[in-house]
Amino acid sequence: PSTREQLSEYDAIIAFDADWSSIPDIAVKAMEEWVAEQAGGFVMVAGTVEMPKWIARSASGSRAQNLRSLSPVILDARGSSLLAGGRIESAAAWPLQLTADGRQTDFLWVSDDPESSMETWQAFDGVFGFYSAYQLKPGAKALALFGDPTTAIDGQLPIYMASQFYGAGRVVFLGGGEMWRMRRLGDAYFDRFYTKLVRWVSQGRLLLDSDRG
């Protein structure tokens, strides 16, 4: 959708490694305004194909500024062409470490209560890839970290999940699209994760359109 009127038909956008360079500036600007002013929910999923390209080419320009503003983590364009997108692949899976904020975030409760959810996350083998994001925006929260201690910089592990309020809306950053690996524990955990994530980022939008007090 390229206008806020068209976007008003939606509650959330999940961008899996989107090719933002092929999306017009006017559409990205409309999306930014829809999140900020119409309480839209936005999930930015880092990927290995398109994200390194647009990150490397987006040092300036309104489209890049809007996307970087929406992201709860700092998207750094510095580095060699190989690491321009900050993407790193590990030879082994590493578990995700939920932060204190993550343990209190209900979309990460993938079972019936917080305690059993933590047990599920501890049983999860983890993911292989991550985006090398180490810095949060002011007001943003880190929800989960990539667990390989050798990837830490100055004691800080890579941020794999982060969230922020953006105006009236909510934004979540995922450091990769590997949450399907939760299906090893059972399809229900994967289904609950994405269902609850979409509801969580859409919460402001749903309340905005609610006729209940």
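See the structure printed just above.
Residues numbered from 1 in each chain as written. Predicted model: local features only at pLDDT ≥ 70, side-chain atom pairs only at ≥ 80, totals over all residues. Heavy atoms only, no water.

Regarding empty space enclosed by the protein
Using a probe with the size of a water molecule, rolled over the atoms, empty space left in the structure can be pinpointed.
Next up, step 1: Scanning the entire structure with this criterion turns up 1 cavity of 30 Å³ or more.
Next up, step 2: Residue lining of the largest cavity: Ala-15, Asp-17, Ala-18, Trp-20, Met-44, Val-45, Met-51 and Trp-54, and that is the complete set.
Next up, step 3: Among the secondary structure elements, those contributing two or more residues to the lining of the largest cavity are strand S2 (41-45) and helix H3 (51-57). (1 Å grid on protein atoms, 1.4 Å probe; cavity = no way out; pocket = protein on both sides within 12 Å on 5 of 7 lines; lining within 4 Å. Points joined across faces, edges and corners; volume = space filled by probe spheres on them. Helix = DSSP H or I, 4+ residues; strand = E, 2+ residues; numbered from the N terminus.)

Notes on the nonpolar core
Nonpolar side chains tend toward joint burial in soluble globular proteins.
Next up, step 1: Among the nonpolar cores identified, the biggest contains 30 residues, and Trp-20, Met-31, Phe-42, Met-51, Leu-75, Tyr-131 and Phe-173 are the most heavily contacted of them.
Next up, step 2: Elements that contribute at least two residues to this core include exactly helix H2 (25-38), S2, H3, helix H4 (62-70), strand S6 (141-146), strand S7 (159-166) and strand S8 (169-174). (Core = buried A, V, L, I, M, F, W, Y, C linked by side-chain atoms within 4.5 Å. Buried < 20%, exposed > 50% of the residue type's maximum accessible area, 1.4 Å probe, protein only.)

Here's the deal with the pattern of salt bridges
Next up, step 1: Taken as a whole and judged by the stated rule, the model has 8 salt bridges.
Next up, step 2: Arg-205 is the partner of Asp-11 in a salt bridge, and the nearest nitrogen-oxygen pair spans 3.7 Å. Taken together, the residues span a long stretch of sequence, with Asp-11 in the loop between helix H1 (4-7) and strand S1 (12-16) and Arg-205 in helix H8 (residues 203-208) at a distance of 194 residues.
Next up, step 3: On the basis of relative accessible area, Arg-205 is assigned to the buried category, the value being 4%.
Next up, step 4: Two residues, Glu-33 and Lys-29, come together in a salt bridge whose shortest N-O distance is 3.8 Å. With Glu-33 and Lys-29 both in helix H2 and 4 residues apart, the pair spans about one turn of that helix.
Next up, step 5: The class of Glu-33 is partly exposed, set by a relative accessible area of 22%.
Next up, step 6: According to the relative accessible area criterion, Lys-29 is partly exposed, its value standing at 37%.
Next up, step 7: Bridged by salt links that share partners, the residues Arg-4, Lys-29, Glu-32, Glu-33 and Glu-37 form one connected network. (Salt bridge = Lys/Arg side-chain N within 4 Å of Asp/Glu carboxyl O.)

Brief notes about the sheet that holds S1
Next up, step 1: With mixed pairing, 6 strands are arranged side by side in an open sheet as S1-S2-S8-S7-S6-S4. At either margin of the open sheet sits one strand with a lone partner, and together these are S1 and strand S4 (96-98). On average, adjacent strands in this sheet sit at an angle of 15 degrees to one another, irrespective of strand direction.
Next up, step 2: Sheet topology places S1 next to S2; 5 bridges connect them, and they run parallel. Its bridge partner lying in S2, Ile-14 is registered against Val-43. (Pairing = 2+ DSSP bridges. Axes fitted to C-alpha atoms, helices over the stretch in contact; angles between N-to-C directions.)

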